[in-house]
Amino acid sequence: MLPRWASSSSSSPSGRAFYSHPPPSPFRRRCGRLLPSTWARTTQSLSKLALVFLAISTCSLVVFHAGVTRSPTVRHIAYAPLHRVGVNIWDEEEVAGGGWNALTAEEPPPAEVAEVLPEEEEEEQELRALRDLVGHTGGRFWVRDYSVGLGWNNLRYIIEAALLHGQMLNRTVVIPSHVYARQCRFEHPVCTAFAPQVDRTKLQALGMDDWRDLPASERDGWKLPIEVMMDIPHLRATYGPVITLAEYLLLRGIDPAEERGDGYWHEEYNDGMSYRKIPEYDWDGGSLRVDRLPTPSSSSSSSSSSSDPPSDSPDSNPWDPTRRSAPADLLSSASPPSSLSPRAPKSGGGTNPFALSPSALSALLWPSSTDQDKKTREYSEAVRDLRGAVDLPSAEDGDEDAAAEVVRWAGMIPLWTYDDYMGMEFVKSPVNPIMEFARASEDVKGVVDDWGGAEEEVLHLEGQIHLNRKPASLRFTSPSGRENFTHIVLSQTRPLPLLVDVAERIAARMTERCEGRAWMAAHMRRTDFVRAGWPMEKTIEAHVQRVKERLGRGREMLQREPELLRHGAAAAAAAAAAAAAEEERGKMEERGEVLEEEEEEAWEKAPEKKTESVEGLPLPPALGDPFYIATDESDPSNLTYIRSQGAVLLDDLLTPADRHLLGWRGLFVDSLAVVEQIVMSRAAFFYGHAMSSLAGGVVNLRAQEGWSMRTTLID
């Protein structure tokens, strides 16, 4: 079922599913009025070369805005690019592709750029678009306290969780208008010409306390519009109602300049709207937070989806809303299934779980040796512990429905979530699904059950709920709820197409360096991790050798199993062929047909043979091939050592043409890091750090690309 806002709504003036042409950001709309004074102050201290860079970048910014974020308030005119600066800003491959070369007399055809309509007309159209967008949720909002002082990838997974929560509650999600870039790759006045500069030591409330100990040269930060980091038009087109805080203020008739910039929700933002604050402790303090409490109708895991909008009828949910935990009498069937239940596993020599009483099975699933302070236990642990004693179905083999029946028969609550990395929750990638269960005595709270009926226009979740929590900051009571969140992260949130384009160019050059063979990549987090004592290895030499050893394992695996190089469409074709072969084999077994030994061996190879027609697979990496390293290391001697060991860095592959495409975004390490994440998602093998959320972003992108999880190593 589609979320409520994806269908026609009487509260929407147009009845459209969502606003397909997102309103222009107030940052861009006001940029024309703010930039001249900033330009005048800054250019006094800039060299002529810097001015040339600023002019070129400004031109590319306008062109990009015209080509990617076309709004219904914009029409187009012909415009000749800035080309009489006497600088060749394209490399040879761009000239060959038709780019203009300042050293020749030829000029390209006029480009199209956006002509902004009169301010009053533009603002009125923008307001109408915003009202239409939020009208699909009845003008109700889900707001958070965002940790904008953290790195982009931390903020990204906080936003992803907020999108899920807002969807479950049928509310428009308000996200931050900006992020704080931590590093500038050029002289600071150049970066300050394009983004407001901040003293990070004065922003301690944003979780930036660690910046106080930085040297003076590293304390500057820059305020970037969030549109630089994520594709907002795509998010609105695929997800639905989400607006930035600046757009919310504009909608309320408040000057976006009144936004405080600390990421927190302040009550003056309510502007007279009804308001309710949810204290951080109410999220999961002493309790277990889930998307919604299970109901008898959801005993079959496929019958309930956490993406479905909550019902407005108070009688639609049989749970008593005053209770803080699910009634135990509804967690198990009224009567035991047949001792040979259709969902019961085939005999493996142990006891059928349904032959046991609920209390006996519960004692086996949660023995006294298990930490009694834990709120959940992973189902696969119980399967391993009871192997040979009780025949439990394996959730990992896709038999989650049968596993859930066993858990319910034991009077426990089946839960669906994602596995951690190395016992830690820093990566937060929704790509390794697992099943857990909780005891009936656990204090379980559902988001929909607690706040789905809230009548206040602004519902505010106070504080930070991401630390040491699972992706989405909750668990799910149905696999479909978990799959919905996976879809939000992997399909609806994505980087700007411009950054993807540049990353694809870089990845192609990496392939060329490896003579057409597949290549590998790794992330080396150094600067802030060294200060915090978190790096994989203390010295640069040990760190590089660790990376090379892990990549060596990946190379050997790809050489043994080159079929792992299939991804995307090729992987889907291989999986479909394997599934078809397995289905045919199952039908043969049902007919009682038995394969001879030679036929059995040939059958095992059949799926591989069926995919031999898939073309385009590169050769696996070879010993001695260069490998890609993304790192925040800045010490010149350390960078020289990294390169000496066979590594290729971003600056080794980035061309002037790439910098032209990036425009002013290329000034900031933070936006370039997104480019590097995309580059590493194209590698045949990736190695990252379990304490880095940047690695989590790469894992997500690799999942989007269809790579096998075996081609990713996180430790």
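All residue numbers here refer to positions counted from 1 along the written sequence of the relevant chain. Per-residue local features are limited, in this predicted model, to residues with pLDDT of at least 70; the limit for side-chain atom pairs, both in listing and counting, is 80 or more; totals at the level of whole chains, interfaces and linings are taken over all residues. Computation of side-chain values: all heavy atoms of the structure, hydrogens and water removed.

## Topic: the overall build of the protein chain
Now for step 1: Within the protein chain one finds 24 helices and 20 strands.
Now for step 2: Exposure is judged per residue with a 1.4 Å probe applied to protein chains only, and the accessible area is read against the type maximum: over 50% gives exposed, under 20% gives buried, and values in between give partly exposed. Burial status across the protein chain gives 54% buried among its 715 residues.
Now for step 3: Put simply, of all contacts in the protein chain between residues at least 6 apart along the chain, 77% involve residues at least 24 apart.
Now for step 4: Surface exposure of the protein chain reaches about 31500 Å², of which carbon and sulfur atoms provide 51%. Helix and strand assignments come from DSSP, with helices taken as H or I runs of at least 4 residues and strands as E runs of at least 2, each series counted from the N terminus. The contact rule is simple, with two residues in contact once any of their heavy atoms fall within 4.5 Å. Per-residue accessibility takes into account occlusion by the displayed protein chains alone, with areas from the Shrake-Rupley method and a 1.4 Å probe.

## Brief notes about the packing of helix α5 (residues 152–168) against helix α14 (residues 479–492)
Now for step 1: Angles shown run from 0 to 180 degrees and are taken between the N-to-C directions of axes, each axis being a line fitted to C-alpha atoms and, for helices, limited to the stretch in contact. The geometry of α5 relative to α14 is characterised by a closest axis approach of 10 Å and an angle of 130° between their N-to-C directions. With respect to their mutual orientation, α5 and α14 come out oblique. The interaxial crossing formed by α5 with α14 has right-handed handedness. Contact residues: α5 offers E160, A161, L163, L164 and Q167, while α14 offers N484, F485, I488 and V489.
Now for step 2: Residue classes follow a fixed rule: Ala, Val, Leu, Ile, Met, Phe, Trp, Tyr, Cys and Pro count as nonpolar, while Asp, Glu, Lys and Arg count as charged, and any other residue, Gly among them, counts as polar. Across the contact of α5 with α14, the residue classes break down as six nonpolar, two polar and one charged. Geometric relationships in this document are graded by angle, where less than 35 degrees denotes roughly parallel, more than 145 denotes roughly antiparallel, 65 to 115 denotes roughly perpendicular, and other angles denote oblique. Handedness of a helix crossing follows the sense of rotation of the near helix relative to the far helix, less than a right angle counterclockwise being left-handed and clockwise being right-handed.

## Remarks on the packing of helix α23 (residues 669–681) against helix α24 (residues 693–705)
Now for step 1: Running from N to C, α23 and α24 point in directions that differ by 45°, and their axes come no closer than 8 Å. Accordingly, the angle class assigned to the pair α23 and α24 is oblique. Classified by chirality, the crossing of α24 by α23 is right-handed. Across the interface between the two elements, A673, Q677, I678, M680 and S681 of α23 pack against L694, G697, V698, L701, R702 and E705 of α24.
Now for step 2: Across the contact of α23 with α24, the residue classes break down as six nonpolar, three polar and two charged.

## Thoughts on the sheet that holds strand β12 (residues 413–418)
Now for step 1: In this scheme, strands are said to pair when DSSP sees at least two bridges between them. The strand order across the open sheet built from three strands is β11-β13-β12, with neighbouring strands paired in antiparallel fashion. At either margin of the open sheet sits one strand with a lone partner, and together these are β11 (377–378) and β12.
Now for step 2: Running at roughly 15° to β12, α14 makes contact with β12 and β13 (433–438) of the sheet.

## Here we look at helix α20 (residues 636–644)
Now for step 1: When α20 is considered as a whole, its buried residues turn out to be N638, L639 and I642. Down the axis of α20, the buried set is contained in an arc of 100°. They therefore lie on one face. Of the exposed residues in α20, the ones pointing more than 90 degrees away from its buried face are P636, T640 and S644.
Now for step 2: Among the structural elements, β16 (520–524), α17 (540–560), β17 (627–631) and β18 (647–648) are those in contact with the buried residues of α20. Arc definition: it is the arc formed by the directions from the helix axis to the C-beta atoms.

## Structural notes on α5
Now for step 1: By definition here, a helix of n residues has an expected span of 1.5 Å times n minus one. Taking 1.5 Å per residue, 17 residues should reach 24 Å; α5 reaches 25 Å between its end C-alpha atoms and fits that length.
Now for step 2: Most of α5 sits inside the fold, with 17 of its 17 residues counted as buried.
Now for step 3: Of the residues one or two after α5, N170 is the one with positive phi, at around 55°.

## Some thoughts on the environment of V489
Now for step 1: Of note, V489 is situated in helix α14.
Now for step 2: We classify V489 as buried; its relative accessible area is 1%.
Now for step 3: Distance from V489 to A472, taken between C-alpha atoms, is 9.8 Å for residues 17 residues apart in sequence.

## Regarding the state of the cysteines
Now for step 1: Count a disulfide wherever a pair of cysteine sulfur atoms falls within 2.5 Å. A complete count under the given rule lists one disulfide for this structure.
Now for step 2: Paired by a disulfide, C184 and C191 hold their sulfur atoms 1.9 Å apart. In this structure, the disulfide formed by C184 and C191 twists by about 85° around the S-S bond and is classed as right-handed. The pair formed by C184 and C191 is uniform in burial state, with each residue classed as buried.

## Focus: the side chain of Q464
Now for step 1: Mapped onto the elements, Q464 comes out in the loop between β15 (458–461) and α14.
Now for step 2: With relative accessibility at 14%, the residue Q464 sits in the buried group.
Now for step 3: In protein, a polar contact means a hydrogen-donor-capable atom and an acceptor-capable atom, both N or O and within 3.5 Å, with residues adjacent in sequence counting only if both atoms are side-chain atoms; elsewhere, any N or O pair within 3.5 Å suffices. Within the structure, Q464 has its side chain in polar contact with the side chain of S147 (distance 2.5 Å).
Now for step 4: If we ignore the near neighbours within four places in the chain, the residues touching Q464 are D145, Y146, S147, Y264, E280 and R469.

## Remarks on the confidence of the model for the protein chain
Now for step 1: Confidence scores labelled pLDDT are given residue by residue by the predictor and lie between 0 and 100. When the pLDDT values of the protein chain are averaged, the result is 76; 67% of them are 70 or greater.
Now for step 2: Here residues 337–344 scores under 50 on pLDDT; set against residues more than four positions off or in separate chains, the count is 12 contacts.

## Some thoughts on the sheet that holds β18
Now for step 1: Read across the sheet, five strands follow the order β18-β17-β16-β19-β20 without closing on themselves; strand pairing throughout is parallel. Both edges of this open sheet fall to β18 and β20 (712–714), since each of them pairs with a single strand only.
Now for step 2: As paired elements, strand β19 (residues 685–688) and β20 share three bridges and run parallel to each other. Bridging from a neighbouring strand, Y687 pairs with L713 of β20.
Now for step 3: Lying on the sheet, α20 is in contact with β16, β17 and β18; it crosses β17 at an angle near 160°.
Now for step 4: The sheet strands contacting α24 are β16, β19 and β20, and the helix crosses β19 at an angle near 160°.

## Some points on the packing of aromatic side chains
The geometry of two aromatic rings is summed up by the distance between their centres and the angle between their planes.
Now for step 1: In summary, the pairing rule links any two rings of Phe, Tyr or Trp, Trp by its six-membered ring, whose centres are within 6.5 Å, and it sorts them by plane angle into stacked for under 30 degrees, edge-to-face for over 60 and tilted for everything else. Inspection of the entire model under this criterion finds 11 aromatic pairs.
Now for step 2: A ring pair is formed by W222 and F668, whose centres lie 6.0 Å apart and whose planes are at 55°; its orientation type is tilted. In this pair, W222 sits in strand β7 (residues 220–225) while F668 sits in the loop between α22 (656–662) and α23, placing the two residues 446 residues apart along the sequence. F668 matches W222 in its accessibility class, with the two residues each being buried.
Now for step 3: These aromatic residues form a ring-pair network of at least three members: F141, Y248, W265 and Y269.
Now for step 4: Geometrically, a lysine NZ or arginine CZ counts as sitting over a ring once it is within 6 Å of the ring centre and also within 35 degrees of the ring normal. The ring centre of Y146 lies 5.9 Å from the NZ or CZ of R144, which sits over that ring.
Now for step 5: One residue, K428, lies across the ring of Y157, its end atom 5.3 Å from the ring centre.

## Regarding the pattern of salt bridges
Now for step 1: Salt bridge, as used here: a side-chain nitrogen of Lys or Arg that lies within 4 Å of a carboxyl oxygen of Asp or Glu. As enumerated under the stated definition, the model contains 29 salt bridges in all.
Now for step 2: Of the charged contacts, one joins D271 and R252 as a salt bridge, the two residues approaching to 3.4 Å between their closest N and O atoms. In this pair, D271 is assigned in the loop between α8 (245–251) and β9 (275–278) and R252 in the loop between α8 and β9, connecting sequence segments 19 residues apart.
Now for step 3: We classify D271 as partly exposed; its relative accessible area is 37%.
Now for step 4: Overall, R252 belongs to the partly exposed group, its relative accessible area being 29%.
Now for step 5: The shortest N-O distance in the salt bridge between R289 and D450 comes to 3.1 Å. Residue R289 is located in strand β10 (residues 288–290), and its partner D450 is located in helix α13 (residues 447–451); the two are separated by 161 residues in the primary sequence.
Now for step 6: Through salt bridges with shared partners, a single network forms among R546, E549, R550, R553 and D715.

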